[in-house]
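Results of the structural survey
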Amino acid sequence: MAVLFQEIIRKKRDGAVLSTQEITQFVEGITSGAATDAHIAAFAMAVYFKGLNKEETVALTMAMRDSGDVMAWPDLQNPVVDKHSTGGVGDNVSLMLAPMAAACGLNVPMISGRGLGHTGGTLDKMDSIPGYTSQPNNDLFLKVTKDIGCAIIGQTANLAPADKRFYAVRDVTATVENLSLITASILSKKLAAGLGWLVLDVKFGNGAFMDDLDKARALAQSLVSVANGAGTKTVALLTDMNEPLASAVGNAVEVTNAVEFLNGTHRDKRLLDVTLSLVTQMVCSARGTNDHDGVMREVRARLDDGSAARKFGAMVSALGGPADFMQHYKSYLPIAPVQRDVVSKVGGYISAVDTRAIGVAVVEMGGGRQSSTDTIDHRVGFTGLLPIGSKVTIGQRLGTVHALDQAMADRAAGALLSAYILSDVTPQTRPVIAERID
């Protein structure tokens, strides 16, 4: 008997609890194509308004995980660990974290996503690198993870394919910010990767999908509960996203920022704090130790001695990128034809930043997607963004816009000026790591 997807949608629309069989059937329809984009959008909207309970969320997670390959790592001697961020602006942590963790003896098979809404995607950043194979076959993924210790890739055609399609529809139908859908999307990919341990970076603030700490805490608890229930040991850190994490926002510009972080040329303080904390938690979880201070010293040493930078360069080369990328990244990464400094019209202290507005400005320049079929322009974005607390004088640069033409630069500059709020008083500092949930 044919599955009537509209009946499943109707049932959830009316607030009823779906059975595991109904959820599995709907996910099978997403995978096979029997469920149309209209079905998927309607289901996502019904869930957005009516929600899923824990059992439904687990069922959705496992069905999407099992919609394709589930990886196994029998040949790896080191712990298999990964990290996932719920999305932010200027969040290029994964690019440094994976090689740093690999330099500390972990294997990191990182399956990343593309940009979602106003937030950037790790996969879009890696696609800035010429020749880089961001969606290799499973054999190459396994080989690079084993040989180098880390591989940053996107979902292959057979890895949680239901989520891949569901994710694309959610991105363009205003159904991103739902606890159960975010939980199932994140964990279906991560559980399909065959991880032993997972560390989550759950963000809160005006640049995050969860705008306040309570919402982020609820998401973290949902993720940790479902993941641990599925057999993957999971810990979450709640991190502040009330301003861009890196001083660069965009794709190629965030890769540049990551390379300079790894080689020691430039390291944004908040970005360093978050990255060190997440890698430290990954190592502690895998080793079963609570010696966070000692492990953090080890992680910092592997960053400072160049071990992590060499891992990143080796990973890029092994996945088809330039062998000398770390030495000549500026000549390989695409550059926007127009670069213009944006200067402040008033003086004072930067007291707040509309982080989401900065992310949206990058999307509007072509650095993100307004529809699922849009092509990313990796060149556009912002660099040199000043952090909250900076003292600014009239005419001082707030950041630099990287645009395709003068008209685009004008619009982006206006958006950046509007996003910065200055006051006469030095703002209170906020810890970038708010809580840990295990």
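Up top is the structure these notes are about.
Note that the structure is predicted; figures quoted are calculated from it, not measured.

Our focus in this paragraph is the sheet that holds strand E8 (residues 348–353). Hydrogen bonds between backbone atoms are what pair the strands of a sheet, whose relative direction is either parallel or antiparallel. Read across the sheet, three strands follow the order E10-E8-E12 without closing on themselves; strand pairing throughout is antiparallel. In this open sheet, the two edge strands, each paired with only one partner strand, are strand E10 (391–392) and strand E12 (420–423). Examined bridge by bridge, E8 and E12 share four bridges and lie antiparallel to one another. When the sheet's bridge partners are listed, Ala 352 is paired in E12 with Ile 421. Those strands touched by helix H17 (residues 406–419) are E8 and E12, and its axis lies near 40° from that of E12.

Looking now at the sheet that holds strand E1 (residues 81–85). Read from one edge to the other, the open sheet built from four strands follows the order E1-E4-E5-E13, with strand pairing classed as mixed. Only two strands of the sheet have a single neighbouring strand rather than two, namely E1 and strand E13 (433–437). Each adjacent strand pair in this sheet contributes to an overall mean axis angle of 20°, direction not counted. Where strand E5 (residues 233–240) lies against E13, four bridges are found, and the strand directions are antiparallel. Within the sheet, the bridge partner assigned to Thr 239 lies in E13 and is Ile 433. Each of E1 and strand E4 (197–204) touches helix H9 (residues 179–192); the most contacted strand, E1, lies at about 160° to it.

Counted according to the given criterion, the structure contains 28 salt bridges. Between Asp 211 and Lys 215 there is a salt bridge; the shortest N-O distance is 3.2 Å. Lys 215 gets classed as partly exposed once you look at its relative accessible area, which sits at 42%. When the shortest N-O distance is used, the salt bridge between Arg 436 and Asp 438 registers 2.7 Å. Residue classification places Arg 436 among the partly exposed positions, given a relative accessible area of 41%. Using a relative accessible area of 59% as the deciding quantity, one classes Asp 438 as exposed. The network of salt bridges with common partners includes Glu 7, Arg 10, Arg 13 and Asp 14.

Counting 113 residues, the largest nonpolar core has Met 100, Phe 312, Met 315, Phe 325 and Phe 382 as its most contacted members. With 10 residues, the top contributor of residues to this core is helix H12 (residues 269–287). With 23 residues, the next largest nonpolar core counts Val 27, Phe 43, Ala 162 and Leu 181 among its residues.

Moving on, we come to the packing of aromatic side chains. Applying the stated criterion to the full structure yields six aromatic pairs. Centroid distance Tyr 48 to Phe 49: 5.2 Å. Interplanar angle 85°. Geometry classified as edge-to-face. By relative accessible area, Tyr 48 is classed as partly exposed at 30%. Arranged with centres 5.6 Å apart and planes meeting at 80°, the rings of Trp 73 and Phe 141 form a pair that is edge-to-face. Of this pair, Trp 73 sits in the loop between helix H4 (54–65) and E1 while Phe 141 sits in helix H7 (residues 138–148); the two residues are 68 residues apart in sequence, bridging distant segments of the chain. Through successive ring pairs, a cluster of aromatic residues spans Phe 5, Phe 26, Phe 43 and Phe 166. The residue whose ring lies beneath Arg 267 is Phe 261, and the NZ or CZ to ring-centre distance is 5.7 Å.

Taking burial as the measure, the five residues of E1 include five buried ones, the bulk of the element. Alternating residues of E1 divide into Val 81, Lys 83 and Ser 85 and Asp 82 and His 84, and every residue in both groups is buried. Looking at chain direction, E1 and E4 are connected through five bridges and run parallel. Among the inter-strand pairings, Val 81 is bridged to a residue of E4, identified as Trp 197.

The interhelical angle for the contact between helix H2 (residues 20–32) and H4, taken along N-to-C directions, is 35°, at an axis separation of 9 Å. H2 and H4 meet at a crossing whose hand is right-handed. Together, Thr 20, Ile 23, Thr 24 and Val 27 of H2 and Glu 56, Ala 59, Leu 60, Ala 63 and Met 64 of H4 make up the contact between the two elements. Here the residues of the contact of H2 with H4 sort into six nonpolar, two polar and one charged.

In this fold, Asp 293 is placed in helix H13 (residues 292–304). Sequence separation between Asp 293 and Ser 277 is 16 residues, and the spatial gap between their C-alpha atoms is 10.0 Å.

The buried count for strand E3 (residues 150–154) comes to five of five residues, which makes it a mostly enclosed element. By the alternation rule, side chains of E3 split into Cys 150, Ile 152 and Gly 154 and Ala 151 and Ile 153, which are all buried.

Quick notes on the rules
Residues numbered from 1 in each chain as written. Predicted model: local features only at pLDDT ≥ 70, side-chain atom pairs only at ≥ 80, totals over all residues. Heavy atoms only, no water. Pairing = 2+ DSSP bridges. Helix = DSSP H or I, 4+ residues; strand = E, 2+ residues; numbered from the N terminus. Contact = heavy atoms within 4.5 Å. Axes fitted to C-alpha atoms, helices over the stretch in contact; angles between N-to-C directions. Salt bridge = Lys/Arg side-chain N within 4 Å of Asp/Glu carboxyl O. Buried < 20%, exposed > 50% of the residue type's maximum accessible area, 1.4 Å probe, protein only. Core = buried A, V, L, I, M, F, W, Y, C linked by side-chain atoms within 4.5 Å. Phe/Tyr/Trp six-rings, centres within 6.5 Å; stacked < 30°, edge-to-face > 60°. Lys NZ or Arg CZ within 6 Å of the ring centre and 35° of its normal. Left-handed = near helix turned anticlockwise from the far one by under 90°. Nonpolar A, V, L, I, M, F, W, Y, C, P; charged D, E, K, R; others polar.

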